[in-house]
Amino acid sequence: MNPLDQLGELKARMDLARMTYDVARAVILAPVMAELTDLEDEYQAWKASVEADVVALEAEIKSDTLACGKTQDGLRYHAIYFHGRVSWNTEQLDTIAKIMPIIDQCRKTGDPYVVIKAK
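A quick note: this is a predicted structure, and the numbers were derived from the prediction, not measured.

A word on the pattern of salt bridges. Going through the model one piece at a time under the given rule, you end up with four salt bridges. Here Arg-107 makes a salt bridge to Asp-94, at a shortest N to O gap of 2.1 Å. With Arg-107 in the segment after α3 (90-99) and Asp-94 in helix α3, this residue pair connects regions lying 13 residues apart in the sequence. Judged by relative accessible area, which is 44%, Arg-107 ranks as partly exposed. The salt bridge involving Arg-107 is made with Asp-104; its shortest N-O contact spans 3.6 Å. On the accessibility criterion, Asp-104 (38% relative accessible area) is partly exposed.

The following block contains the structure:
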């Protein structure tokens, strides 16, 4: 069996084990599920309120940090100021490199890599 097919078999076994676990867990939790749902609802309402405050405060901190142009420090967090990134138009540079090959000395090409995806 080829390695990709072996990987598919292993992942299928993992999926089956997870489904079996989920069913067994649901049976065990059934008696307390209503209480857990109520607890989850209370927590989600609180969390949504706090997350809105966090988003607003983070936006204010970012704005202040950008305005002063330097990193800000706190007890638990710091807002790190980064200068804007420099980017280049690769298509135009490739065209210029045909005329001026010395530009290719400035180019760095990363190593090839592989991503495994399910079909």
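So, next bit.
A cluster of nonpolar side chains, namely Val-32, Met-33, Leu-36 and Leu-39, defines an oily patch on the protein surface of about 340 Å² accessible area. The topology assignment puts Leu-36 in helix α2 (residues 33-68).

Take Gly-74: it is sitting in the loop between β1 (72-73) and β2 (78-79). Judged by its relative accessible area of 47%, Gly-74 is partly exposed. As for Gly-74 and Val-23, which are separated by 51 residues in sequence, their C-alpha atoms are 46 Å apart.

What counts as what
- Residues numbered from 1 in each chain as written.
- Predicted model: local features only at pLDDT ≥ 70, side-chain atom pairs only at ≥ 80, totals over all residues.
- Heavy atoms only, no water.
- Salt bridge = Lys/Arg side-chain N within 4 Å of Asp/Glu carboxyl O.
- Helix = DSSP H or I, 4+ residues; strand = E, 2+ residues; numbered from the N terminus.
- Buried < 20%, exposed > 50% of the residue type's maximum accessible area, 1.4 Å probe, protein only.
- Patch = residues over 30% accessible without salt bridge, like charges linked within 9 Å, V, L, I, M, F, W, Y side chains within 5 Å.
- Areas by Shrake-Rupley, 256 points an atom, 1.4 Å probe, with all protein chains shown as cover.

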